[in-house]
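# Observations on the three-dimensional arrangement
If you want the building blocks of each chain, they are given just below.
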Amino acid sequence: MPELEQAPATAADATKNANGNYFVRFTREQRYMHATLFTTFLGLAATGLPMRFSESFWARKFATGVGGFGAILFLHKLCAVVLTIAFLIHLKDVVQRGIVNREKGIFWGPTSMIPNWKDVKDLFGHTRWFLGLGPKPQFERYAYWEKFDYWAVFWGMVVIGFSGYAMWFAPFFAHFLPGWALNAVLVIHSEEALLAVLFIFSIHFVNTHLRPDSFPMDMVIFTGVESEEEFKHKRTKEYERMVAQGKQRSRLGIAPPLWLINFSKVVGYAALFVGLTLLVLTLTAYFS
Amino acid sequence: MLVEATVGKVRLLCRAILAASLSTFVFASAAVALHAQADCLTCHGDASMTDAAGYSIAVDGTKFGASVHGSLQCSNCHADIKGYPHPDKVATVECATCHSDQADQLKGSVHADSKDHPCTSCHGNAHEIFPKTDARSAVYPLNVPKTCGQCHSTDGMAGKHGLASVYPNYIDSIHGFALSKEGLLVAANCQSCHGSHGILSHTNPKSPTYKANIPKTCGNCHAKIDADYEQGVHGKAIAKGNLSAPVCTDCHTAHAILQPTEAAFRMQSTPICGNCHKDKFSTYRDTFHSQLGSLGGYVETARCWDCHQAHDVRPASDPGSPINHANLVTTCGRCHSGANLSFVQYQPHANARDRKLNPGLYFVRLFMNLLLGSVLTFFLLHTILWLIRSRYSQVKNKGANGGKNA
């Protein structure tokens, strides 16, 4: 089978030589954060949805499969604790860089996650482009839909996390919450989680990975680097700013090794598969 | 042949006379009867003896002698046989001649029109009947379910009459296990609840299995539970003649009774109350208690009676009720250690769709639904338009295959 043996080597050479430069888009820490986020999110969704739709046929089968409800709740809480720690680390990182170190570009400017006037213009400009009424906007490091993703997850973690812990430690939270709030936290927790599941497994998947520009998967969140051509095309404004400031050298990265591409593909496709399966199950349970 | 048969009969006769003489020595009063049995057993003692239709007409003399009727003469029951030889066709034995009370009860019972011999169907071989306290008896407590099960099981006679197959349910029930596994003579068997000779339909108000009589029937053994039940709203309703209130069997079933503390029963229990309390069941299903509870493998979450009591169910206004406001901290605290006055304001039957009853919850749900609907609608449209537009421009710029970075 010479083709199979030769194929990877050829592919690796191709990635090294083609397009020349690779630029770093995500740091190692950011990639690990995303990995932690999506693994725990998949875990939380896979264990949370059977509880939300506990009367559907697949919920009981799944629950029995993993060792009953006790096991499901344990895994749910485990993922929740890991995600909480990741969230706190991120908060600490933001405070450290933005407030303690007074690093520029954390709270404002083109590299910030905080929405600005350009995002509003981009949203309308993008919509005009969808309808063929204007040119395609040029995006900076984080486009408006990516900022929405970030803040949706940020808000979601606060809301789902707080309501989740309020249920976990209900007698403690009852010291400072009114009685009806104990009823409300379940509604908040499950509705917000349902929104998160539906949003991530349909809109985030399509916007980030499945749209024609990135189909079938945008590998940059796994490898951290993007080819010069892709970078220029997707983040035109950021690329132009980098060139104008002469900072290409500091952003240069190395072409991702083949093992990392393959590993990322396996992990990414698995996540897509699990997510889309959960999406189908959720929709069937919701509409039945 | 004839000679051989005659020799055989003579041999049997000699043996019988010998046995009779020995018995006479021990038991002088039984001598006449034994003598008479021995006459008949000369022929009927042959285990292979059959009538013209092929049915066995053999009698095991030893077993008969030991049976409850062992001291009787054959002709006490087979009254139409006066001597030997006797006619081919003999009359059916009338047990009622002696057992008239039982026969009267049987006449009024569901088994009155039995085509088989009504007595032997249950008591077994007429020549081997033992007292019901004897383990060999077909109506010994440990043998009763099997005896009734001959008809009341899947392929039994009862099935042909459109009756449920109750034997398998009973034998796997808590009563059945107590009887078959532990050999508990006091465990309820069929006749403990249904009676024996005078079994009546459950639709007959005189029957111990008539709905209004069930608490008393079960209470024969479960006296404390019955007393609790009579105190509760369901017991009082039944006592007033309101037959829509549940009795023991509505929750526990009549035959397949499960151990109520075990998972199997806890898993299937809430819809039973929900049959009548539909609104409460519906709001319960919205709660975490129900969501957890219906998944299986985790049965600790509160079911109806964990809060309301199973037997002594009382309205919340009753100070003795576990859901009376004064008792909530204790009741909730049984599972939620650290439950306080604020915690027990949680409403286990809150209705997020009822604006008047639960305004806070109603608006929280409304807000969450609006948020969910608006975000998803906006981004769904956004994504669909984007997909169409970017595929269009991809094909336009790079040919039908699109391309990596269109």
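Note that this is a predicted model, so its numbers are computed, not measured. (Residues numbered from 1 in each chain as written. Chains lettered and ligands numbered in written order. Predicted model: local features only at pLDDT ≥ 70, side-chain atom pairs only at ≥ 80, totals over all residues. Heavy atoms only, no water.)

### Here we look at the overall build of chain A
Threshold: Each helix is a run of DSSP H or I of at least 4 residues and each strand a run of E of at least 2, with the numbering of both proceeding from the N terminus. Accessible area is worked out with a 1.4 Å probe on protein chains only. A residue is then buried under 20% of its type maximum, exposed over 50%, and partly exposed in between. Any two residues whose heavy atoms approach within 4.5 Å at even a single point are treated as in contact. Under the convention used here, a 1.4 Å probe and the Shrake-Rupley method define accessible areas, while residue burial counts only the protein chains that appear. The convention is simple: Lys and Arg are positive, Asp and Glu are negative, and His and the chain ends are not counted. For this purpose, a charge sits on NZ of Lys, CZ of Arg, CG of Asp or CD of Glu.
Assigned secondary structure in chain A consists of 13 helices and 3 strands. Taking the principal axes of its C-alpha atoms as reference, chain A extends roughly 60 × 55 × 40 Å. Sorting the 288 residues of chain A into buried and exposed places 46% on the buried side. Within chain A, residue pairs in contact and separated by at least 24 positions form 72% of the contacts whose partners lie at least 6 positions apart. Summed over all atoms, the accessible surface of chain A reaches about 15,100 Å², with 70% contributed by carbon and sulfur. Considering chain A, the positive charge centre built from 28 side chains and the negative charge centre built from 22 side chains are found 5 Å apart.

### Regarding the UniProt feature "domain: Doubled CXXCH motif" (unreviewed entry) in chain B
All names here are of chain B. Note the following rule: UniProt positions are given in the numbering used here, feature names are shortened, and annotations may be inferred rather than shown by experiment.
The feature "domain: Doubled CXXCH motif" (unreviewed entry), as given by UniProt, occupies residues 187-225 and 248-280 in the numbering adopted here. For the annotated span residues 187-225, helix accounts for 36% and strand for 0% of the residues, and the straight-line distance between the end C-alpha atoms is 16 Å. As annotated, residues 248-280 has a helix share of 61% and a strand share of 0%, and its two end C-alpha atoms lie 21 Å apart.

### Points about unusual backbone geometry
Residue and element names in this part refer to chain A. Between Phe215 and the following residue, Pro216, the backbone shows a cis peptide bond with an omega angle of 0°. Within the chain, Arg102 stands out as a residue other than glycine whose phi angle is a positive 50°. Tracing the sequence through the fold places Arg102 in the loop between α4 (68-100) and α5 (117-130). Residue Arg102 is classed as exposed on the basis of its relative accessible area of 68%.

### Digging into the pattern of salt bridges
Applicable threshold: By definition here, a salt bridge exists when the distance from a side-chain nitrogen of Lys or Arg to a carboxyl oxygen of Asp or Glu is within 4 Å.
Under the counting rule described, the total for this entry stands at 23 salt bridges over all chains. The shortest N-O distance in the salt bridge between A:Arg235 and A:Glu146 comes to 2.9 Å. Separated by 89 residues along the polypeptide, A:Arg235 in the loop between α10 (228-234) and α11 (236-245) and A:Glu146 in helix α6 (residues 144-168) bring together distant segments of the chain. A:Arg235 gets classed as buried once you look at its relative accessible area, which sits at 2%. Assessed through its relative accessible area of 16%, A:Glu146 is described here as buried. For the salt bridge of B:Asp134 with B:Arg136, the shortest nitrogen-to-oxygen distance reads 3.0 Å. Where salt bridges share partners, they join A:Arg25, A:Glu146 and A:Arg235 into one cluster.

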